[in-house]
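Residue-level structure breakdown
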Amino acid sequence: MSPHSPILLSLFVLFFGVSSAHAQAYERARTHQPDGHVLCRSSRTFTYSLATSADHPTAQERAAITAAFNTWQQAASTCSDLVFQQAADVPNGTPLLHDEKTLVTFRKAQCRDVVPPEDACWNDDSCGDKYDCWARASSDVVFATVTYLETNGAIADANIELNASLGTLTTADGPPCARGVVAPGCVAGDVQSLVTRSIGETLGLALVQRTDSTMSLALPWGDTQKRVIDPGTLQGLCTLYPRGQPTPECEDSHLPDAGTPGDTEPPPSNKSGCSATTSAPLLGALVLLLGARRRRGSPSRGNA
């Protein structure tokens with residue numbers, strides 16, 4: 001593999017304990033086990049943009065996303081010099097540039113309902129951007145894709161996708177919606193909670209089984225508690241990006257120098273694409289499934 005070839009986050013993690021008895025454990029993502037690189041950002045400026053379409057994000061969705069990033073900024077201010085910075089909106093379908101930027105994207109339709117079966121986009125996992133549709137498991141509500149360099153774990157870019165096709169995304173502060181019913185003023189799939197959790201993934205934190213963690217694999221129907229950074233996740237943030245100090249195990253994790261302006265394609269990879277999938281556990285009768293699927297291989301050649 002070329003030393004500058006980015007691949008997408010695999011599902012291997014390194015477990016870390018937290019000393020406080022009241023803090024949840026956190027996990028750091030690795031490229032592979034047992035000796036893979038931990039994932040981290042080389043820059044302490046976290047830049048993000050909202051991908052826009054005719055319907056999304058609404059004003060309420062935009063406010064929820066801003067609140068999620070503000071939550072991480074407030075947490076970082078206690079121990080880190082990490083700065084979250086919003087850039088200008090971009091149209092849906094804008095390609096990632098491997099410049100450490102994170103996009104937040106809403107998908108308004110299922111790809112299976114709008115993409116012709118013979119379209120070549122099924123082969124290169126590009127249907128989502130081409131048709132502005134949800135190409136993941138139909139029951140998932142969020143999917144965070146993190147691109148990194150296999151040679152050192154440096155995060156190149158990320159995309160947080162939200163499934164707006166189910167009608168279960170909400171931004172209200174009210175009580176949980178009735179079983180399986182989304183009405184005005186109630187909470188089902190809380191956008192702020194979903195984005196808050198996904199931001200953690202784009203920082204190099206891994207999803208965990210604990211339901212009391214911000215980084216929980218699953219979010220119960222109507223839950224807004226994941227809007228808050230729990231003590232264990234905060235400890236992870238402080239450990240990964242300590243103020244005035246390098247990220248542990250990431251001192252050499254840097255992206256290659258930028259190539260020709262406008263060139264968005266990574267160097268070709270000699271690793272074939274493949275995929276790995278995990279399912280969120282069921283929490284009682286109603287649960288929102290959170291996408292945890294990650295591809296490995298070249299972003300331009302990864303297979304679904």
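That block above? That's the structure.
Cut-off values and rules
- Residues numbered from 1 in each chain as written.
- Predicted model: local features only at pLDDT ≥ 70, side-chain atom pairs only at ≥ 80, totals over all residues.
- Heavy atoms only, no water.
- Helix = DSSP H or I, 4+ residues; strand = E, 2+ residues; numbered from the N terminus.
- Buried < 20%, exposed > 50% of the residue type's maximum accessible area, 1.4 Å probe, protein only.
- Contact = heavy atoms within 4.5 Å.
- Areas by Shrake-Rupley, 256 points an atom, 1.4 Å probe, with all protein chains shown as cover.
- Disulfide = S-S within 2.5 Å.
- Phe/Tyr/Trp six-rings, centres within 6.5 Å; stacked < 30°, edge-to-face > 60°.
- Lys NZ or Arg CZ within 6 Å of the ring centre and 35° of its normal.
- Pairing = 2+ DSSP bridges.
- Right-handed = clockwise from strand over helix to strand, strands pointing away.
- Axes fitted to C-alpha atoms, helices over the stretch in contact; angles between N-to-C directions.
- Parallel < 35°, antiparallel > 145°, perpendicular 65-115°, else oblique.
- Left-handed = near helix turned anticlockwise from the far one by under 90°.
- Nonpolar A, V, L, I, M, F, W, Y, C, P; charged D, E, K, R; others polar.
- Polar contact = N/O pair within 3.5 Å; in protein donor to acceptor, adjacent residues only side chain to side chain.

A count of helical and extended segments in the protein gives 6 helices and 15 strands. Here the protein holds 304 residues, and 51% of them are scored as buried. Put simply, of all contacts in the protein between residues at least 6 apart along the chain, 69% involve residues at least 24 apart. Working note: accessible area of the protein is about 12900 Å², and carbon and sulfur atoms make up 53% of it.

Attention shifts here to unusual backbone geometry. Between histidine 56 and proline 57 the backbone carries a cis peptide bond, its omega angle lying at -5 degrees. Considering the arrangement of structural elements, one finds proline 57 in the loop between β4 (45–52) and α1 (59–76). The phi angle at histidine 98 is positive, at roughly 55 degrees, despite the residue not being glycine. Note on histidine 98: relative accessible area 21%, which makes it partly exposed.

Next up on the list: the state of the cysteines. Using the criterion set out here, one finds 5 disulfides in the structure. Put simply, cysteine 177 and cysteine 186 are joined by a disulfide, and their sulfur atoms are 1.9 Å apart. Between cysteine 177 and cysteine 186, the S-S torsion sits near 90 degrees, and that sign places the bridge as right-handed. Comparing cysteine 177 with cysteine 186, the two get one shared label, buried. Taken N- to C-terminal, the disulfide-bonded cysteines of the protein are connected 1-10, 2-9, 3-6, 4-5, 7-8.

With that settled, consider the packing of aromatic side chains. The full count for this structure, using the stated rule, is 4 aromatic pairs. Ring centres 4.9 Å apart and planes at 40 degrees place the aromatic pair phenylalanine 46 and phenylalanine 84 in the tilted group. Separated by 38 residues along the polypeptide, phenylalanine 46 in strand β4 and phenylalanine 84 in strand β5 (residues 83–86) bring together distant segments of the chain. The same class applies to phenylalanine 46 as to phenylalanine 84, namely buried. An angle of 55 degrees between the planes, with centres 6.2 Å apart, marks the rings of phenylalanine 69 and phenylalanine 84 as tilted. Of this pair, phenylalanine 69 sits in helix α1 while phenylalanine 84 sits in strand β5, placing them 15 residues apart in sequence. With a relative accessible area of 12%, phenylalanine 84 lands in the buried category. Chaining the aromatic ring pairs together yields one cluster made of Phe46, Tyr48, Phe69 and Phe84. Stacked on the ring of phenylalanine 143, the Lys or Arg arginine 136 has its end atom at 4.0 Å from the ring centre.

With that settled, consider the pairing of β5. Strand direction decides the pairing type here: β4 and β5, joined by 4 bridges, are parallel. Residue pairing for β5: threonine 47 is matched across the bridge by glutamine 85. Handedness of the β4-α1-β5 crossover: right-handed.

Contact geometry of α1 with helix α5 (residues 191–202) gives a least axis separation of 8 Å together with a crossing angle of 40 degrees. In terms of orientation, α1 lies oblique with respect to α5. Read as a crossing pair, α1 and α5 show a hand that is right-handed. The residues of α5 that touch α1, namely those facing Glu61, Ala64, Ile65, Ala67, Ala68, Phe69, Thr71 and Trp72, are Val191, Gln192, Val195, Thr196, Ile199 and Gly200. Partitioning the contact of α1 with α5 into residue classes produces 9 nonpolar, 4 polar and 1 charged.

Turning to the environment of glutamine 86, a few remarks are in order. Locating glutamine 86 in the fold gives a position in strand β5. Note: C-alpha distance between glutamine 86 and phenylalanine 46 (40 residues apart in sequence) is 8.3 Å. Look past the residues within four positions of glutamine 86 in its chain and what remains in contact with it is Tyr48, Leu50, Arg62 and Thr66. Among the polar contacts listed, one links the side chain of glutamine 86 to the side chain of tyrosine 48, at a separation of 3.4 Å.

Now for the environment of leucine 50. Secondary-structure assignment places leucine 50 in strand β4. Here the alpha-carbon distance between leucine 50 and proline 91, two residues 41 residues apart in the chain, equals 8.3 Å. Ignoring any residue separated from it by four or fewer positions in sequence, one finds leucine 50 in contact with Pro57, Arg62, Ile65, Gln86, Asp89, Val90 and Val104.

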